[in-house]
Amino acid sequence: MKQVLFILLVLMSSMSMAVGQRIVSGVVTDNSGETLIGASVVVKEFPAIGTITDIDGRYSLRVPEGGETLVFSYTGHTTQEIAINGQSSVNISLSAGQVLNEVVVTAFGISRESKSLGYAVQGLSDEEIKLTGNKDLLGAMQGKLAGVDIKPSSGMPGASSQFVIRGARSFTGNNSPLFVVDGLPISSTSTFSTGNSVTGADIGGRSLDIDPADIESIDILKGQAASALYGVRASNGVVLITTKSGKGLGVGKPIISFTHNSTFDQVSRNPNFQTTYAQGSYGAYNPNASTSWGPKISDLPNDPTYGGNTDNAFTAQYGRQEGKFYVPQLAQGGLDPWRTPEVFNNWTDYFQTGYTNQNNLNVSQATQNGNYSIGFGITDQSGIALGTGMTRYNAKAAGERKLNNHFSVGYSANFSKSNIDKLSGANDGSLTGVLAAPSSYDLKGTPNHIPGDPYRQIYFRGGSFDNSYWVPNNNKFNEQTDRFFGNAFVNYGTDLNDDMKLNIRYQAGTDNFTTHLQDIFGFGSRGNSKGVISNYGLSRATFNSLASANLDWNINSDWQLGVMLGNELNNTSDKIYEQNGTDFNFGGWNHIGNANIQTADESQSFSRNVGFFGNAGLSWKSMIFLNVTGRNDYVSSMPRGNRSFFYPSVGLSFVLTELPALQNVDWLSYAKVRGSYAEVGQAGTYLENYYLTPTYVGGFWLSPPVQYPVGGVNSYIPNSVQYDPNLKPQNTVSNEFGAELKFFNNRLGLDYTYSKQDVTDQIFAVPLAGSTGATSLVRNGGAINTVAHEIMAFATPVMNKNFRWDIGVNYTKVENNVIELADGVESIFLGGFVTPQVRAGVGNTFPVIYGSSFARNQNGEILVVDNPGAWNHGMPMVGAPQVIGEVSPKFILGGTNTFSYKNLSLTSVIEWKNGGHMYSGSNGLLDLYGMSAVTEDRESTFIYPGVKPDGTPNDIVRGGSEDPDALQDLYANVLTTIDEYFIHENSFVKLRELSLGYKFAKPVYKGLNIGVSLYARNLLLWSALRNMDPESSQGNTNMGGSFERFSLPQTTSYGFGVNLTF
Amino acid sequence: MRKIFNIVIFGLLITSMWSCSEDVLDDINRNRNNPTNVNSNLIITDAMITSGFTITGSDLAFYTSVYMEHNVGIWNQSYNAEIRVGEPSSATTFNNSWNAIYNNMYNLKTIIDKCSDGGSEEGNYHTLAIAQTLLAHNLATLTDLMGDVPWSEALQPGIVYTPKLDNQEDIYNEVHRLLDDALANFDKTTKFPSLGNQDFIYKGNIANWKKFANGLKARYMMRTSFINEDFDGVISFANKAFASASEQAQLTYNGTTMISPFYKFFTDRNYFGASQSLYNKLDERNDPRIDVLWKPAAGTSEVEIAPNGNPVQVQGRYGVSAISVPTAPTYLLSYHEIEFLKAEAYVRKGDLGSAEASLRKAVTAALSKSNIGLASKAAEYLDNEVLPRFNSNPLAEVMNQKYLAFYEEEAIEAYCDYRRLLAMNDDVIKLDNPKNAAGEFPHRLTYGNSDVTTNINVRNAYGDGRYVYTEKVWWAGGSR
């Protein structure tokens, strides 16, 4: 690459500096005469030179020699081109409601007219992103895009989210789009997988490093046709992010903008608990039980063993304690052990109000020869759960400078530093006690450790989980990341002749980060274990080189041709380290140096992608557009001989309203049909079969029972994951058709897209039958088929001088079906337990939940045991393990509604997710523990809905005072063994965002402009799932959003923002 | 101008083409983190640890321990096994064990291939013989618990995806063939160095390995006694096996980087309570072990014994094992088992004198286990309690003593003995779980889920999993 840079430098210095400019200024108004603020004025011949109108609608622009035409554009108005003809003042009135020449950003940042595209793209403005001051970029996009499903894992600071466009293409691999920031592809997904996602803490995604406040706009390239130019990395679509650069500003003095957001978080949904019954089992009080199947709380003083009203060992010691009962944990804590029965809500006692304080400062300026923007941001969050929080610092700079008529240079640089404190979930549930502590137990008021010994816990139950109040001081789940990414470019542009323009651009970029994670269960964790520590991290350095040449040729007045050729090289080196320690010598120093058993590992890996690509676009009369792309990639991570692949795409767009017959139809403003075909693949990772030191994890073991080296002796066995030397890239063939219609001067619009993807030869670790001797084989196998319908619609029902009502709707329906898996494979494990688990299964949508079902008869009715006298008489039975839930929703409908009155605007974003299932471990376990409200009535009899084996409806009456054990047996011993009982529909409707904003029309003081907003997120929730917010789940993998078990709760946020600009 | 562009384009092409040549990309993709080949002495270490810890010592033993009423499952999966809900018939229950056994057999096969003719370590006869011995042990354990299993088409990843099931009879022939080969190979001389410290069982002592292989021959001949009685054969091989506990095939644990499975199961899960039926057997014999096998649950002061089949599902109430300690060894084949095999064979041959002698050695060894430590009480116990019972019903006492001796590390063997005795109409070990009378004694363990879901042959054999309650394995009088 060095040679290329050198040649380019030589090239640059050999060019003479061209001069000769004049200033053109004027006023832009709409057709009612109102001045337009922020209208864009660009020199057509020099697209990099432009400005926007100021508060009075004025602009002033230095037009270089050769600049003949100005292009004026403003959202919701017709773009117009005016020839300068030597004038120094050009005033213009733009007519409202026509957006014929909307410009969108496409692959490699190429701006193209939206009408020329044969595929769907969707853009988000900075205002849409920053509506409610969300610090999380992915969260800020929820509900605002069609064809996209964004699934957050929880409300914990830094929680991961799944971002999937038009369904999944990979079973176990990456389904997230490629993120490209200012032309540079960057890492956006989680650097470490949560694996089976039933232990440890969530691990955040690297999109977290992007501060939404730095963003100017986002363009989503959804289909493969849109992203095909990016080759192997782009089968999942592309998210193009443009950060603030000062480009759109008018030439003048620097604009300084300061934004503050304060956001307050609360738990979005509180479970309904039973509040009648105490800790215990089968009606008997047991102060150490995890269950609340004890006596009535009010009867505790009469308990024969612990009651203050009865004669027992404790009253023998202390004397009668009328109306009280003995709590051993209080005795352990050195407090008066006698308590009057009381009902506690340990859930609400625990959570605090989270607070996020965000401050952003941005300085931007456009000068005659370029522009720059510098931004600083600080985000400081404390979570709703004790000890959780996030601090993030962002700094960015971007700029561009025109050196002469031909050369311009620019750069974009971003730095971020984050520190996140998390909590663990599922089998390591930090909040298990908070969720399921008996109502009779005062979790908050009882000491969490023995006085004087902070490492011996006091808890209401046995040792599988830590006391939630002990956790913040002893366990630690932390992520710290430092990251820099940025790029610099040099651009050379020249007119080859009057109708032919050439642009050559070279860009070099880098994305470097180091992330350090620490998982610690402190000394004294879980049944007085001596603790476990794991320090691990990744340093990644990515170098990206991109060279491209663009030729635009106006062949004649009807025909135009644009051709691009390019080369890209992406080189990544990763180093992962891991230090594991167990068995601390003493408490209070949870450090690897205090661990008696220490193991370490490291891994270094490298990968390189080289691509050659080309694009040709031909248009006729601004009516028909044909676009063809091709890219050939060479990928190091594939086996020799199978590293080179070619990906073509073709797109056609036909603007019907350019037809003479349709040009004068009043009610139809715009009509276009489009279609495209593309192929894009995804590469896998191939390695020669190797040996490794075995690890003893999983199953019953909470920590490895055998850790090599054992007494200085090591061992290596064949890796149970083997590799197919004939691995080839998986391929996605995509067909997309769409129509775009706008009516009544663009007051109403509809954009529909149908797309079909056929993904074949998926690469994944194909699970093998254990009897083959290996666990899995990395090979091609399997097909997934996706049909997606997307509708983007907008309407402006009311628009007058002061009041405007805008509606935007995004509808997504994705059918994602697993057509086949490799021979002999019926399912692929994605996460969870042995059962229930999340998996991909043939003939099902992707993914599904698999587990033990209710035993049913041929009619699908639940069978109950008919065995009088048996403990489970009249109760359901465990059936065969099978698919018990489909995760994909039937559809997602997002709606944005904005009322604007003068400078006041009220915006709401609503999202309705319809259908789909999730596993809710917490709900099932609340039932098992006898803590959910459904277990409140223990005196009535019940008949379990179902049929007896003979087919007659179940009429077996159980429960009631004569049969007191039956209800506990049902919930604790029968239903909890049936995974299907834990499956819930997870349809929901959420008021995701609500924002009331006011911008002062005029500067309040000299040049100071102020905007304020009040907002709320996740404000209203209707959910088919009981007790929990359905957007709390386990895992940062493809199982995301479908599996919940002591997961951390989701939040509702309220906040305000202030923006000062001067 | 044009020339410069040409240079730029040409330069770009050259650099790019070079940067993606196959050799360069090969080097970039080279695995820097793992070896692609290692010698058999470094592989076999884990084959031993897995054979002991995982296969003999862990899940299979935990569940059979519940079925055999060595322990009572009082929580979660173990409780479900106790009340025969879900776990006993679920394909997921033994999936980890199933995969571990096949994985370990694949490792052993890799060693055997390396050390056999044409392999990279041709002539490494002793390592070969050790691998054959362990493979025989693994394969027999698998078929003993699961019946007909894939073998002849197994262990070919990426070649055979759905191995067929082989008859247990054929598999048993294979077990004996492996052991015979091993015995022959132990006698060959080799230039390859001894395994030394890589050998976690015998530190490279080939004489002991040979005794182990002979002992396995005895065990597996006895196993098929319902089909084919050869008690002389059992005695003959047993006589060539261990002469004392110091020679037995056991995996020892250092308690830190390698922890005894039952102890680890207790600290990590705490799913077991003291068993009533085991307690009763000790109680009626005034067995000194009654005072050392259990201790009260943490936070309680008395050992509460859990009823078999219907305990309360609660942790921290019932007494727990006191012999689950961090260093309690796992026996792949114990010396006391050898003596019990002889005792049973002599009883069945009618040679009660020899039987008594073997029984004395067996019971003494059992009471002398490192985590029991009752050697000093053995003679008195034998004289006062065991021999009178032996005299009234020799087979019953031998088998019951064997059953007691197997608590708690050798539950798998206890389970195999129990099923064999049922087949031979010698129902001498009394189990109390009421589910057994209701037709819910699991006669076998389920196949692993990885095969049930991906191998049609195993799935058909598995059905809905209820076969475990009805279908006996071949050597126990069943058909598959």
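Scroll up to find the structure.
Report follows, based on the coordinates.

Rules of the game
Residues numbered from 1 in each chain as written. Chains lettered and ligands numbered in written order. Predicted model: local features only at pLDDT ≥ 70, side-chain atom pairs only at ≥ 80, totals over all residues. Heavy atoms only, no water. Helix = DSSP H or I, 4+ residues; strand = E, 2+ residues; numbered from the N terminus. Rg over C-alpha atoms; globule rule 2.2 N^0.38 Å. Areas by Shrake-Rupley, 256 points an atom, 1.4 Å probe, with all protein chains shown as cover. Contact = heavy atoms within 4.5 Å. Salt bridge = Lys/Arg side-chain N within 4 Å of Asp/Glu carboxyl O. Polar contact = N/O pair within 3.5 Å; in protein donor to acceptor, adjacent residues only side chain to side chain. Nonpolar A, V, L, I, M, F, W, Y, C, P; charged D, E, K, R; others polar. Core = buried A, V, L, I, M, F, W, Y, C linked by side-chain atoms within 4.5 Å. Buried < 20%, exposed > 50% of the residue type's maximum accessible area, 1.4 Å probe, protein only. Pairing = 2+ DSSP bridges.

## A word on the overall build of chain B
So, step 1. Counting its secondary structure elements, chain B contains 20 helices and 8 strands.
So, step 2. A compact globule built from 480 residues should have a C-alpha radius of gyration of about 23 Å, and chain B, at 26 Å, falls within 12% of that.
So, step 3. Each principal axis of the C-alpha distribution contributes one length, and for chain B these read about 110 × 55 × 45 Å.
So, step 4. For chain B, the accessible area works out to roughly 16200 Å², and carbon and sulfur atoms hold 48% of it.

## A word on the interface of chain A and chain B
So, step 1. Of the residues lining the interface, 88 residues belong to chain A; the matching set on chain B comes to 90 residues.
So, step 2. Seen at the junction of chain A and chain B, the total is 4 salt bridges.
So, step 3. Ionic pairing is found between A:Arg640 and B:Asp26, a salt bridge with its closest N-O pair at 2.3 Å.
So, step 4. Our count for the chain A to chain B interface comes out at 32 residue pairs in polar contact (both at pLDDT 80 or more).
So, step 5. Taken together, the residues of the side of chain A that touches chain B break down into 49 nonpolar, 30 polar and 9 charged.

## Brief notes about the nonpolar core
So, step 1. If you look at the biggest cluster of nonpolar residues, it comprises 159 residues, and the most contacted ones within it are B:Met146, B:Trp209, B:Phe212 and B:Tyr447.
So, step 2. The element that contributes the greatest number of residues to this core is helix H7 (residues 125–146) of chain B, accounting for 12 residues.
So, step 3. In this structure, A:Leu821, A:Ile828, A:Ile849 and A:Ile862 belong to the second largest nonpolar core, which totals 76 residues.

## Observations regarding helix H4 (residues 59–67) of chain B
So, step 1. The buried fraction of H4(B) amounts to 9 of the 9 residues, a majority that puts the element mostly inside the structure.
So, step 2. Among the residues of H4(B), B:Asp59, B:Leu60, B:Ala61, B:Phe62, B:Tyr63, B:Thr64, B:Ser65, B:Val66 and B:Tyr67 are the ones counted as buried.

## Quick notes on the pairing of strand E17 (residues 255–267) of chain A
Residue and element names in this part refer to chain A.
So, step 1. Summarising the sheet, E17 and strand E22 (residues 354–367) pair through 11 bridges and their orientation is antiparallel. Residue pairing in the sheet places Phe258 in a bridge with Leu361 of E22.
So, step 2. Taken together, the 11 bridges between E17 and strand E59 (residues 1051–1061) define a ladder with antiparallel strand orientation. Note on E59: the bridge partner recorded for Asn261 is Gly1057.

## Quick look at the pairing of strand E25 (residues 407–422) of chain A
Residues and elements named next belong to chain A.
So, step 1. Judged from the 14 bridges that link them, strand E24 (residues 389–402) and E25 form a sheet pairing that is antiparallel. Within E25, the residue paired with Thr391 across the bridge is Asn419.
So, step 2. As paired strands, E25 and strand E28 (residues 476–497) are joined by 16 bridges and run antiparallel to one another. By the bridge assignment, Lys417 is partnered in E28 with Asp482.

By themselves, these observations are geometric and do not establish any function.
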